[in-house]
Amino acid sequence: MPISGLKAWFSEMKGLNLTGELPAEFANLANLLMIDLSRNYINGSIPRVFGQLHLTNLSLGGNLISGLIPSEIGNIDTLEELVLENNQLEGPLPVNLGNLSRLKRL
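Recorded under Subcellular location (unreviewed entry), the UniProt text for the chain is reproduced unchanged: "Membrane".

What follows is the structure, given as structure tokens:
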């Protein structure tokens, strides 16, 4: 079944030694509330299309993710937790992260 046909509310796959890049197709999962892929070996950048999701939790800590944090992440007005530590991210935090009024953990 293609990923767009799944009806998921959360995806918790932490500490499974997963490799590869974050699939932009996660953005096709309209009911997805949480992505927890922390403590894996995921590389590449955070897809800009993740900003279209209505997540409450995006946990990607402890991977090999690089590049900038996309400003589109600041569009996820439902976001309560954004966990990105222990990666290879660079550059400034997007200014619009300050607009995330529900954010409890950064």
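A. Representation of the overall build of the chain. Regarding its fold elements, the chain presents zero helices and eight strands. Listing every helix and strand of the chain by position from the N terminus yields β-β-β-β-β-β-β-β. Evaluated residue by residue, the chain yields a buried proportion of 41% over its 106 residues. Summarising the internal contacts of the chain: among those between residues at least 6 apart in sequence, 39% fall at separations of at least 24. Put simply, the chain shows about 6,100 Å² of open surface, and 51% of that area lies on carbon and sulfur atoms.

B. Region of interest: the pattern of salt bridges. All chains considered together, the criterion is met by five salt bridges. Where Lys14 meets Asp36, a salt bridge forms, and the shortest distance between an N and an O atom there is 3.9 Å. On the criterion of sequence distance, the pair formed by Lys14 in the loop between β1 (10-12) and β2 (19-21) and Asp36 in strand β3 (residues 34-36) is long-range, its members being 22 residues apart. Using a relative accessible area of 34% as the deciding quantity, one classes Lys14 as partly exposed. Of the residues examined, Asp36 reaches a relative accessible area of 8% and is grouped as buried. A salt bridge links Arg105 to Glu85; its shortest N-O distance comes to 3.9 Å. In this pair, Arg105 is assigned in the segment after β8 (88-89) and Glu85 in the loop between β7 (81-83) and β8, connecting sequence segments 20 residues apart. One connected set of salt bridges, linked through shared partners, spans Glu81, Glu85 and Arg105.

About the cut-offs
- Residues numbered from 1 in each chain as written.
- Predicted model: local features only at pLDDT ≥ 70, side-chain atom pairs only at ≥ 80, totals over all residues.
- Heavy atoms only, no water.
- UniProt positions renumbered as here; feature names shortened; annotations may be inferred.
- Helix = DSSP H or I, 4+ residues; strand = E, 2+ residues; numbered from the N terminus.
- Buried < 20%, exposed > 50% of the residue type's maximum accessible area, 1.4 Å probe, protein only.
- Contact = heavy atoms within 4.5 Å.
- Areas by Shrake-Rupley, 256 points an atom, 1.4 Å probe, with all protein chains shown as cover.
- Salt bridge = Lys/Arg side-chain N within 4 Å of Asp/Glu carboxyl O.

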